[in-house]
Structure formats: structure tokens, C-alpha cells
Amino acid sequence: MGVAVAAPERAELLPPCRRRNVVAVLVAADGRVFVGSNGVALPLPQCPRIQAGMKGGEGWEICREVCKQRNHAERDVLARAGTAAMGGTLYLIGHERVCPDCMDAIQRAGVLELVVALGQSVPLPRIADQHESRSP
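Bear in mind that the values here come from a model prediction, so they are computed numbers and not experimental data.

Basis of the calculations
- Residues numbered from 1 in each chain as written.
- Predicted model: local features only at pLDDT ≥ 70, side-chain atom pairs only at ≥ 80, totals over all residues.
- Heavy atoms only, no water.
- Helix = DSSP H or I, 4+ residues; strand = E, 2+ residues; numbered from the N terminus.
- Buried < 20%, exposed > 50% of the residue type's maximum accessible area, 1.4 Å probe, protein only.
- Contact = heavy atoms within 4.5 Å.
- Areas by Shrake-Rupley, 256 points an atom, 1.4 Å probe, with all protein chains shown as cover.
- Axes fitted to C-alpha atoms, helices over the stretch in contact; angles between N-to-C directions.
- Parallel < 35°, antiparallel > 145°, perpendicular 65-115°, else oblique.
- Left-handed = near helix turned anticlockwise from the far one by under 90°.
- Nonpolar A, V, L, I, M, F, W, Y, C, P; charged D, E, K, R; others polar.

(A) Region of the structure containing the overall build of the protein. Assigned secondary structure in the protein consists of five helices and five strands. Order of helices (α) and strands (β) in the protein, N terminus to C terminus: β-β-α-α-α-β-α-β-β-α. Each of the 136 residues in the protein was classed as buried or not, and the buried ones make up 41%. Counting contacts in the protein only where the partners sit at least 6 residues apart, residues at least 24 apart contribute 62% of the total. Looking at the protein as shown, the accessible area adds up to about 8000 Å², and 54% of this sits on carbon and sulfur atoms.

(B) Geometry of the packing of helix H3 (residues 73-81) against helix H4 (residues 100-109). The interhelical angle for the contact between H3 and H4, taken along N-to-C directions, is 25°, at an axis separation of 9 Å. What the angle tells us is that H3 and H4 run roughly parallel. Crossing of H3 against H4: the hand is left-handed. Between H3, through Glu74, Arg75 and Leu78, and H4, the contact on the second element is made entirely by Asp101, Cys102, Ala105, Ile106 and Ala109. In terms of residue class, the contact of H3 with H4 is made up of five nonpolar, no polar and three charged.

(C) Examining H3 more closely. Burial analysis of H3 places seven of its nine residues in the buried class, which makes it a mostly covered element. Among all positions of H3, only Ala73, Glu74, Arg75, Asp76, Val77, Leu78 and Ala81 are buried. Against the buried residues of H3 lie strand S1 (23-27), strand S2 (33-37), helix H2 (60-65), strand S3 (89-93) and H4. Just downstream of H3 lies Gly82, where phi reads positive at about 60°.

The following block contains the structure:
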């Protein structure tokens, strides 16, 4: 049995972020595969967040405003998958965590499992519980 891949053409993915190249792959319950990234419309020779001395997780507004990053990879793949995300598994490659906004989007989309770069497969309700326990 073959797997239908709904991966975007190379020209559809934006050039990679200079700080971190992140890809999200969503395998839908019906086997279709969707790919999203954190690509930027205006790639610069160096990341302005690194130049400003910002730590990871800080200053994402600069990514949007300066480099014209539309989305994190997680939200990009969810937009590409649409309702097919319901019941699927999302693989996050190139990052070790999911920000709160992306976690909320993943939960709203009905994704059942999230596998993060470190190869840890965790059912989504367990990740959601951990996320809520860290929130103020």
C-alpha cells in the first residue's frame, strides 16, 4: 500500500531561517503526508536575533517583521493539512520543543500524537498536561 504525499513543491517552501531550520511533517489518519517549515520570505545573511544577542524563544516578532516569517513549522503544516490534521501524527524536526501558541494550534487541530526532534513519541494529552503545568 502506497503513501500519498502532499508535500509542497520545493518552490512552495520559503528559504530557511538563518537561526534554525525547522520542518514539521504531518501524517494524516488516512496516510496522506503534509510538510511545513519555518521558512522566511526575506532571508538575511545572519539572523538578526542572534546579532541582537537574544536567546532561543525570544524575539519572534523580529522573525515576522524583519525576515517575514509567516509561521512556525507546526502552524505551517497545520494550515497545509487543514481538516486532514484531525487524528494525525505531527513530527517536528530541527527543534526540541513546541511553543505555547503552536501547542494550542496542534490541540485545536485534533492531532493525536506529537513526535519531537529528539525522537520522543508522546501522546498529545500527556504533552498538553506538561504544558499546562508550566503555565503561570
